[in-house]
Amino acid sequence: MKKKVLVTRAVFDETLAYLAQHFEVASNQADEKYSPAELAVRLKGMDAALISSTDRVDDSLLSRCPGLKAVCSFSVGYNHIDLGACTRHGVMATNTPGVLTDSVADFAVCLTLATCRRLTESEAMLRRGEWKGTHLKELLGMDLHHAAVGICGFGRIGQVIARRLKGFEARILYCTRHRLAPERERELSVAFAAKDELLRQSDIVILILPYTPETHHYIGARELGLMKRSAVLINVARGGVVDDAALIEALKARRIWAAGLDVYENEPKLDPGLLALTNLVLSPHIASASEPTRQAMAMTAARNCVAALTTGDPPNLLNADVLKQKA
Ligand code: 8YV
């Protein structure tokens, strides 16, 4: 009997073809967004699921699908998965680190440049037919080259962002839980700074840290108050890392100069206050959305799933303690 796998969101045909070599696959190419109740029903009798960061995996879901052995997310972030609950229910959880690092780093630089140089605001003015021709003081922005850029979160993606920004001769500060070795700091030409100091010194602050209970509202009114009035805030991490309401107030009051957001609290619902702001660039959680990268994410998740249901030792296992429990 082939094992059964549910794919909760639309994926590439290649991914489904690969999975079908191993499993009986229930797909969702219509890309319906399953409610938690719907997901629980569809997971009944399944051995594993390929999930997206839009699917919440917790005790309440897992208690309704006792046969489930693995959840394989096509995302590097895993704040949508309660790892403790997975381990308690004997369910392996995996993610897709590494394959999206370069694309997300590229996009962080893209969002930074678009925000600093008021790209979307300019384009919107053009599309409204309001352009009267170029003049000296039109849509003046700020420079990324030679700027002081503070990167909060300095794992794989943060370090590649730093490498990208070397080409802009930016002065890079970083803060993270585990400071790098001095030789690695020299190699990347970066300097460690405590969070508040980084916020005070930076012209541009880029957020690329995991979303956890500790990093909820990592940037709120207090932190925005520490930043320069001329500063730019970029969020390519997770919505909850920034207090959207505090950010709206700070942007309205020009407490900071501008922001660029790819992620939002309660996405895909955006706080209407965000939509009214012009000193704000918005993108719909597309930092990893290059064709090759999303293909690689889907295949990595599929391979994790095959490994989980065959060898029981998937390469990107997040909750290793589940194996001890199975032993
Ligand atoms: C995903 C992301 O595309 O990988 C992540 O953590 O946020 C994005 O790359 C998104 O989560 C869809 O799964």
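The preceding data block contains the structure.
None of these values were measured; they are calculated from a predicted model.

**Notes on the packing of aromatic side chains**
Here's step 1: For the structure shown, the criterion picks out two aromatic pairs.
Here's step 2: Here Tyr174 and Phe192 contribute two aromatic rings whose centre-to-centre distance is 5.4 Å and whose plane-to-plane angle is 75°, an arrangement assigned as edge-to-face. Remark: Phe192 occurs in strand S8 (residues 190-192) and Tyr174 occurs in strand S7 (residues 171-175); sequence separation between them is 18 residues.
Here's step 3: Grouped by ring-pair contacts, the aromatic residues Phe154, Tyr174 and Phe192 constitute a single cluster.
Here's step 4: The ring of Tyr218 is capped by Lys195, whose NZ or CZ atom sits 3.8 Å from the centre of that ring.

**Points about the sheet that holds S8**
Here's step 1: Pairing in this open sheet of seven strands is parallel, and the strands run S8-S7-S6-S9-S10-S11-S12 from one edge to the other. Two strands bound the open sheet, and with one partner strand each, they are S8 and strand S12 (280-282). Within this sheet the neighbouring strands show an average axis-to-axis angle of 20°, counted without direction.
Here's step 2: Across the face of the sheet, helix H7 (residues 156-166) comes into contact with strand S6 (148-152), S7, S8 and strand S9 (204-207) while running at roughly 165° to S6.

**Regarding the site of the ligand**
Here's step 1: The ligand sits among Ser52, Ser53, Phe74, Ser75, Val76, Gly77, Leu100, Arg238, His285, Ser288, Arg294 and Met297.
Here's step 2: Interatomic distance of 2.9 Å between a backbone N/O atom of Phe74 and an oxygen atom of the ligand.
Here's step 3: His285 has a polar side-chain atom sitting 2.6 Å from an oxygen atom of the ligand.
Here's step 4: In isolation the ligand has 320 Å² of accessible area, and contact with the protein removes 88% of it.
Here's step 5: Grouping the amino acids of the shell around the ligand by side-chain chemistry returns four nonpolar, six polar and two charged.

**Overview of the packing of helix H5 (residues 101-116) against H7**
Here's step 1: Between H5 and H7, the least distance of the axes is 9 Å, while the angle of their chain directions is 50°. Overall, the two elements H5 and H7 adopt an arrangement that is oblique. Judged by the sense of rotation from one axis to the other, the crossing of H5 with H7 is right-handed. Between H5, through Thr101, Asp102, Val104, Ala105, Asp106, Ala108 and Val109, and H7, the contact on the second element is made entirely by Arg156, Ile157, Val160, Ile161, Arg164 and Leu165.
Here's step 2: Split by residue class, the contact of H5 with H7 holds eight nonpolar, one polar and four charged.

**Observations concerning unusual backbone geometry**
Here's step 1: Look at the link from Glu267 to Pro268: it is a cis peptide, with omega at 10°.
Here's step 2: Assignment of secondary structure puts Pro268 in the loop between strand S11 (258-261) and helix H12 (272-275).
Here's step 3: The backbone of Leu139 shows a phi angle near 45°, a positive value even though the residue is not glycine.
Here's step 4: As for its placement among the helices and strands, Leu139 is situated in the loop between helix H6 (119-127) and S6.
Here's step 5: One non-glycine residue with positive phi stands out, namely Glu169, at about 50°.
Here's step 6: Counting through the fold element by element, Glu169 comes out in the loop between H7 and S7.
Here's step 7: Taking the relative accessible area as the measure of exposure, Glu169 reaches 51% and is therefore exposed.

**Points about the pairing of strand S2 (residues 23-26)**
Here's step 1: Sheet analysis places strand S1 (residues 3-7) next to S2, joined by four bridges and oriented parallel. Bridged to Lys3 within S2 is Phe23.
Here's step 2: The β-α-β motif built from S1, the intervening helix H1 (residues 13-20) and the parallel element S2 has right-handed crossover chirality.

**Re the pairing of strand S10 (residues 232-235)**
Successive side chains on a regular strand alternate, one facing one side of the sheet and the next facing the other.
Here's step 1: Burial along S10 is two-sided: the residues Val232 and Ile234 and Leu233 and Asn235 are all buried.
Here's step 2: Pairing of S9 with S10 involves four bridges; the strand directions are parallel. Across the sheet, residue Val205 finds its bridge partner in S10, namely Leu233.
Here's step 3: Viewed along the sheet, the connection from S9 through helix H10 (residues 221-226) into S10 turns out right-handed.
Here's step 4: Where S10 and S11 come together, four bridges link them in parallel fashion. Across the sheet, the residue bridging to Ile234 is Gly260, located in S11.

Rules used in this analysis
Residues numbered from 1 in each chain as written. Predicted model: local features only at pLDDT ≥ 70, side-chain atom pairs only at ≥ 80, totals over all residues. Heavy atoms only, no water. Phe/Tyr/Trp six-rings, centres within 6.5 Å; stacked < 30°, edge-to-face > 60°. Helix = DSSP H or I, 4+ residues; strand = E, 2+ residues; numbered from the N terminus. Lys NZ or Arg CZ within 6 Å of the ring centre and 35° of its normal. Pairing = 2+ DSSP bridges. Axes fitted to C-alpha atoms, helices over the stretch in contact; angles between N-to-C directions. Contact = heavy atoms within 4.5 Å. Near = heavy atom within 4 Å. Polar contact = N/O pair within 3.5 Å; in protein donor to acceptor, adjacent residues only side chain to side chain. Areas by Shrake-Rupley, 256 points an atom, 1.4 Å probe, with all protein chains shown as cover. Nonpolar A, V, L, I, M, F, W, Y, C, P; charged D, E, K, R; others polar. Parallel < 35°, antiparallel > 145°, perpendicular 65-115°, else oblique. Left-handed = near helix turned anticlockwise from the far one by under 90°. Buried < 20%, exposed > 50% of the residue type's maximum accessible area, 1.4 Å probe, protein only. Right-handed = clockwise from strand over helix to strand, strands pointing away.

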